[in-house]
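One letter stands for each residue in the lines below.
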Amino acid sequence: MKKRILLATAIIMMLALVFSGCSAAKQTTEATAPAAEVKQENLLETIKAEGVIKIGTEGTYAPFTFHDKDGKLTGFDVEIAEEIASRLGVKAEFIETKWDGMFAGLDAKRFDAVANQVTIRPDRLEKYDFSSPYIVSKAVLIAHSDNNEIKAFADLKGKKSGQSLTSNLAEIAKSNGAELVQVDGFNQALDLLTSKRIDATINDSLSFLDYKTQRPDAPIKVVAEMDTKDEIGILFNKGNQELVDAVNKALADMKADGTYLKISQKWFGEDVSK
Amino acid sequence: MIKIENVYKSFGDLEVLKNINLTIEAGEVVCIIGPSGSGKSTLLRSLNHLERITSGRIYIDDELVDERKNDKDIHKLSPKKVSEICSELGMVFQRFNLFPHMTVLENVMLAPLSVKKVSKDDMLRESLSLLEKVGLLDKKDEYPSKLSGGQQQRVAIARALAMKPKIMLFDEPTSALDPELVYEVLDVMKSLAKEGMTMLVVTHEMGFAKEVADRVVFIDNGEILEEDTPENVFNNPSHERTRAFLSRII
Amino acid sequence: MDDRMARVIGILIDSFIPILKAGLMYTVPLTIISFFFGMIIAFAVAIIRVTNFKPLTAIVKFYVWIVRGTPLLVQLFIIFYGLPTIGVTLDAFISAIIGFSLSVGAYGSETIRAAILSVPKGQWEAAHALGLSKFQALRHIILPQAIKVAIPPMANSFISLVKDTSLAAAITYTELFQVAQQITARTYEPLWLYLEAAFIYLMFCSVLSVLQSRLEVRFGKSGD
């Protein structure tokens, strides 16, 4: 009896291992790089040889990178990345990563680039490379509908603002004297806001629009807009100039032949490159 | 059979055995008596290394099985050798120590099958006859928790005998039993003695000692104070402390 | 308000199967495999500790100390994001299994060690007196009795692990909770979706609790 239980357990274990190994292999990074015949193949060549460009993205940031009703990964950033990939002659493979692991993942070369509304900033430029901007972001200050105290960014002084750590928006909040409350994402920030645990949150005007579309009844409002706009680009590790150049060319071509505008209109009804 | 030479045992500062010298011949039944804490159990347990002596020598069957000085081995034994020695010495504990997750029969068969690698069929036959000898054949498929104390101890004796030891060591085998169950265990021990088994018994059962022992050894405070036939020890003890001890018991 | 509730109910109904499916395909296998390897490690470590096997005791103590003393999330990060810097790049599934197995192994080893220590000394003595080696004693006498004692805390460990696997999303392994988060990102109804995810976790864990009871009955057979 004991032996049979042991055997059954072992078989179940084996099946589980095989089954999950198969399904997991589909959604995870390849561990091995192809044998480089050429000594120092640059990243662009490697990507072209493999036929795949790996892109890190969150998959939980609507409308830029998220899963639609059928569970398919989509969004503005995703479609831009897919278009760039096809112009490079390769397929885009998205590695869904939490924001906290995004930079670590790029450092560890688990993906070749990041397409996730990454703002181009001087401190980031010191360590990484960016493509030319593919969207312009307007930061907006969002508060609870009942809140009449916060009317401008300067009103953030001493107030609690929910932001993702290391995000550009967190910097804006900090520079205005806000007390940062760390959140995992836009959703959490809004939850904290509607339950009045925080006073405000700064996020992208487009994300806010998307939220309001889904939740028209939500008790939040935009109280201020940044005058300056932030530029957002695709993020790369330094030392891959060929790849950056190729991506920039693809972006330029997309803008020139109207493909960019089409994607922009589809998601936002306007040209978001300005 | 057993030769204990100049054995000392200390637990830290506490000296529990002081210069013990004792010889047990084959076929002898020797009973060790004495007050609690006198070191009698410690002496017994030193034979199969459940306790390690501080210094001295122990011979079993004329073979040196332990030689130590200042708590260090002079003569070192491999674990395999220790296991062999234990096979020669059967031990019965005060609290039986039967294996609760195994039936009576499994308890008896385990050691020979694992250690001596006897064939299962041979062992089965022998185990059943051992259980019959201690009068518990009908309980062979029971678990120990279903047996009385006397029954458990008899199983323990059968389990120890299964390894065909040359010497049987009993560490206060009836001390944990209700009085009315003591006799059934003593009966088994008596029949063992009659068959010529060499036995070293630490006990408080003076009646048993009187009836069966070839020699009685009185240990007090770590020293052997008295060593003689039962008649002499019980009727004519030479030591004052022996007299005092006996008067308290009998 | 009714519109909202209708919308929420719709979301919950649509999302139930995807979340459940992710649980069955990703959360459950990760849990089972990690626990399996974790238990092997736990037993090995516990036995090394209890028998005081000189060459390995120090290494094993160090392992338990490090793994118990650092957050599981950090361990996963180090395996997934840190190792590549020394040339070891493992995929998310393998990294997760390694991380969770090591964790289960460390905590589990203490449980098993305690269970072994709870077996009365007399059992060891009887085994020794019969000539059994330490390992024979462990195998036939001590471990069977220790396992009985170890079942409730180990089942606890297993049930905890089911939920700990949600950390794997941090190293790109998309399991049950991550799918719930994906749907949340699109629908902005975190509370309801997390409740639904919690319900599905509860379903899995309830099955495990029943299994635990069955195991306790089976191992308690020797009449108590």
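Residues numbered from 1 in each chain as written. Chains lettered and ligands numbered in written order. Predicted model: local features only at pLDDT ≥ 70, side-chain atom pairs only at ≥ 80, totals over all residues. Heavy atoms only, no water.

## Considerations on the interface of chain C and chain A
Rules: Whether two residues are in contact is decided by their heavy atoms: any pair within 4.5 Å suffices. What counts as a salt bridge is simple: a side-chain nitrogen of Lys or Arg found within 4 Å of a carboxyl oxygen of Asp or Glu. A 3.5 Å cut-off defines polar contacts: any pair of N or O atoms within that distance qualifies, except that in protein one atom must be a possible hydrogen donor and the other a possible acceptor, and neighbouring residues in sequence count only when both atoms are side-chain atoms. Each helix is a run of DSSP H or I of at least 4 residues and each strand a run of E of at least 2, with the numbering of both proceeding from the N terminus.
The interface of chain C with chain A comprises 34 residues on the first partner and 42 residues on the second. In this structure, Arg215 of chain A engages Glu189 of chain C in a salt bridge whose closest nitrogen and oxygen atoms are separated by 3.6 Å. In this structure, the connection of chain C to chain A is made through 13 residue pairs in polar contact (both at pLDDT 80 or more). Elements that contribute at least two residues to the side of chain C that touches chain A include exactly helix 1 (2-51), helix 3 (72-82), helix 4 (92-117), helix 7 (176-187) and helix 8 (190-219) of chain C. Per-element accounting of the side of chain C that touches chain A gives the leading share, nine residues, to helix 1 of chain C.

## Remarks on helix 5 (residues 121-129) of chain C
Under the convention used in this document: Between buried and exposed lies partly exposed: a residue is buried under 20% and exposed over 50% of the maximum accessible area for its type, with that area taken using a 1.4 Å probe on protein chains only.
Along helix 5 of chain C, the residues that are buried comprise Gly122, Gln123, Glu125, Ala126, Ala127 and Ala129 of chain C. Looking at the buried positions of helix 5 of chain C, the neighbouring elements they touch are helix 1 (40-47), helix 2 (79-88), strand 7 (89-92) and helix 5 (149-161) of chain B together with helix 6 (134-164) of chain C. Positive phi appears at Gly131 of chain C, one or two residues downstream of helix 5 of chain C, with a value of about 95 degrees.

## Remarks on the domain arrangement of chain A
Residue and element names in this part refer to chain A. Applied cut-off: Residue ranges for the domains trace back to a domain assignment, done automatically or taken from a database. Computed with a 1.4 Å rolling probe, the buried area is the accessible surface lost when two parts are put together, summed over both parts.
What the domain assignment lists for chain A is domain 1 (40-136 + 232-268) and domain 2 (139-225). Each of domain 1 and domain 2 was reduced to a C-alpha centroid, and the two centroids are 26 Å apart. Contact with domain 1, which involves 13 residues of that partner, is made by 13 residues of domain 2. Between domain 1 and domain 2, roughly 970 Å² of surface is buried when both sides are summed, and carbon and sulfur atoms account for 49% of that area. The largest contributions to the domain 1 side of the interface with domain 2 come from Tyr61, Trp99 and Arg121, which together make up 40% of the buried area. If you look at where domain 1 meets domain 2, you find zero salt bridges. For the interface between domain 1 and domain 2, the tally reads four residue pairs in polar contact (both at pLDDT 80 or more).

## So, the interface of chain B and chain C
Listed by partner, the interface residues are 28 residues for chain B and 17 residues for chain C. Summing both partners gives a buried area of about 1800 Å² for chain B against chain C, and 62% of it is carried by carbon and sulfur. Of all residues in chain B, the largest losses of buried area upon contact with chain C belong to Asn97, Phe99 and His101 of chain B, amounting jointly to 26% of the total for that side. Joining chain B to chain C, the criterion identifies one salt bridge. Residue Glu125 of chain C pairs with Arg45 of chain B through a salt bridge whose shortest N-O separation is 2.7 Å. Here chain B is connected to chain C by seven residue pairs in polar contact (both at pLDDT 80 or more).

## Digging into empty space enclosed by the protein
All names here are of chain A. Heads up, the rule is: Using only the protein atoms, space was sampled on a 1 Å grid; points where a 1.4 Å probe fits but cannot get out form cavities, open sets with protein on both sides within 12 Å along at least five of seven lines form pockets, and lining residues are those with an atom within 4 Å of a point. Grid points are joined across faces, edges and corners, and a volume is the space filled by probe spheres set on the points. Residues are grouped as follows: nonpolar covers Ala, Val, Leu, Ile, Met, Phe, Trp, Tyr, Cys and Pro; charged covers Asp, Glu, Lys and Arg; every other residue, Gly included, is treated as polar.
Evaluation of the coordinates by the stated rule reveals two cavities of 30 Å³ or more. Computed from the structure, the largest cavity encloses a volume of approximately 60 Å³. Looking at the largest cavity, the residues that line it are Ile53, Ile55, Ala81, Ile84, Ala85, Leu88, Ala113, Ile234, Phe236 and Val247. Those elements that place two or more of their residues in the lining of the largest cavity are strand 1 (52-57), helix 3 (76-88) and strand 11 (220-237). Broken down by element, the lining of the largest cavity gets its largest block of residues, four residues, from helix 3. Of the residues that constitute the lining of the largest cavity, the class distribution is ten nonpolar, no polar and no charged.

## Overview of the arrangement of the chains
Here two pairs of chains make contact, and the pair sharing the most contacts is chains A and C. Of all C-alpha pairs spanning chain A and chain B, none lies closer than 14 Å, and the two are not in contact.

## Topic: helix 3 of chain C
Residues that lie three or four places apart on an α-helix share one face, since the helix turns once every 3.6 residues. Considered for burial, the residues of helix 3 of chain C that qualify are Leu72, Gln75, Leu76, Ile79, Phe80 and Tyr81 of chain C. On its buried side, helix 3 of chain C packs onto helix 4 (102-107) of chain A together with helix 2 (54-69), helix 4 and helix 6 of chain C.

## Some points on the pattern of salt bridges
Close approach of charged atoms lets side chains of opposite charge pair. Residue and element names in this part refer to chain B. Scanning all chains against the criterion turns up 42 salt bridges over all chains. The partner of Glu51 in a salt bridge is Arg45, and the shortest N-O contact between them spans 3.3 Å. When the shortest N-O distance is used, the salt bridge between Arg125 and Asp122 registers 2.8 Å. Here Asp122 and Arg125 lie together in helix 4 (residues 120-133), a separation of three residues that amounts to about one turn. Judged by relative accessible area, Asp122 falls into the partly exposed class, the value being 32%.

## Points about the pairing of strand 9 (residues 198-202) of chain B
Residues and elements named next belong to chain B. Filter applied, for reference: Paired strands, as defined in this entry, are two strands with at least two bridges between them according to DSSP. Convention used here: a crossover is right-handed provided that the path from the first strand, over the helix, to the second strand proceeds clockwise when the strands point away from the viewer.
Most of strand 9 sits out of view: five of its five residues are buried. Residues of strand 9 alternate between two faces, with Thr198, Leu200 and Val202 on one and Met199 and Val201 on the opposite face, all of them buried. Looking at chain direction, strand 3 (residues 29-33) and strand 9 are connected through four bridges and run parallel. Following the sheet pairing, Val29 is matched in strand 9 by Met199. With respect to chirality, the unit in which strand 8 (residues 167-171) leads through helix 6 (residues 179-194) into the neighbouring parallel strand 9 is right-handed.

## Observations regarding the sheet that holds strand 4 (residues 55-60) of chain B
Residue and element names in this part refer to chain B. Counted only if it meets this: Note on method: axes are straight lines fitted to C-alpha atoms, helices fitted across the in-contact stretch only, with angles between N-to-C directions ranging 0 to 180 degrees.
Strand order in the open sheet formed by five strands is 2-1-4-5-6, and the pairing between neighbours is antiparallel. Sheet topology places strand 2 (14-24) and strand 6 (72-75) at the edges, where each strand pairs with a single neighbour. Across this sheet, the average inter-strand angle for adjacent strands is 20 degrees, counted without regard to direction.

## Here's the deal with a nonpolar patch on the surface
Residues and elements named next belong to chain C. Selection rule: Each patch is built from residues lacking any salt bridge and having more than 30% relative accessible area; the joining distance is 9 Å for like charges and 5 Å for nonpolar side chains (Val, Leu, Ile, Met, Phe, Trp, Tyr). Each accessible area is a Shrake-Rupley result for a 1.4 Å probe, and residues are judged covered by the shown protein chains and nothing else.
Taken together, the side chains of Met5, Ile9 and Ile13 define a hydrophobic patch exposed on the protein surface, amounting to about 280 Å² of accessible area. If you trace the backbone, Ile9 turns up in helix 1. Judged by its relative accessible area of 45%, Ile9 falls in the partly exposed class.

## Overview of unusual backbone geometry
Residue Pro63 of chain A follows Ala62 of chain A across a cis peptide bond; omega there is -5 degrees. Here the phi dihedral of Lys164 of chain B falls at roughly 50 degrees; this positive angle occurs in a residue that is not glycine. With respect to the element layout, Lys164 of chain B can be found in the loop between helix 5 and strand 8. Looking at Lys164 of chain B, the relative accessible area reads 52%, which means it is exposed.

## Notes on the packing of aromatic side chains
Note the following rule: Any two rings among Phe, Tyr and Trp, with Trp reduced to its six-membered ring, count as a pair given centres within 6.5 Å; such a pair is stacked if its planes are under 30 degrees apart, edge-to-face if over 60, and tilted if neither. Charges are assigned to positions over rings by a cutoff of 6 Å between ring centre and Lys NZ or Arg CZ, combined with an angular limit of 35 degrees from the ring normal.
On inspection of all chains with the given rule, the structure shows 20 aromatic pairs over all chains. When the centroid spacing of 6.2 Å and the interplanar angle of 85 degrees are considered together, the rings of Phe76 of chain A and Tyr260 of chain A count as edge-to-face. In this pair, Phe76 of chain A sits in helix 3 while Tyr260 of chain A sits in helix 10 (residues 259-268), placing the two residues 184 residues apart along the sequence. Given the relative accessible area of 0%, Phe76 of chain A is considered buried. Judged by its relative accessible area of 3%, Tyr260 of chain A is buried. Put simply, the rings of Tyr61, Phe64, Phe76, Tyr134, Tyr260 and Phe268 of chain A pair up and form one aromatic cluster. Here Lys255 of chain A stacks its cationic end above the ring of Tyr260 of chain A, 5.3 Å away from the centre of that ring. For the cation-ring pair, Lys210 of chain B lies above Phe234 of chain B, with the distance from its terminal atom to the ring centre recorded as 5.7 Å.

## Some details on the sheet that holds strand 7 of chain B
All names here are of chain B. Within the open sheet, the six strands sit side by side as 7-8-9-3-10-11. Their pairing is mixed. Of all the strands in the sheet, the pair left with one neighbour each is strand 7 and strand 11 (223-228). On average, each strand axis in the sheet is inclined to that of its neighbour by 15 degrees, with strand direction left out of account. Pairing of strand 10 (residues 215-220) with strand 11, which is carried by five bridges, proceeds in the antiparallel orientation. Bridge pairing in strand 11 links Phe218 to Glu226. Its contacts with the sheet put helix 2 on strand 7 and strand 8, and the angle it makes with strand 7 is roughly 70 degrees. In the packing of helix 5 onto the sheet, contacts are made with strand 7 and strand 8, and the angle to strand 7 comes to roughly 170 degrees.

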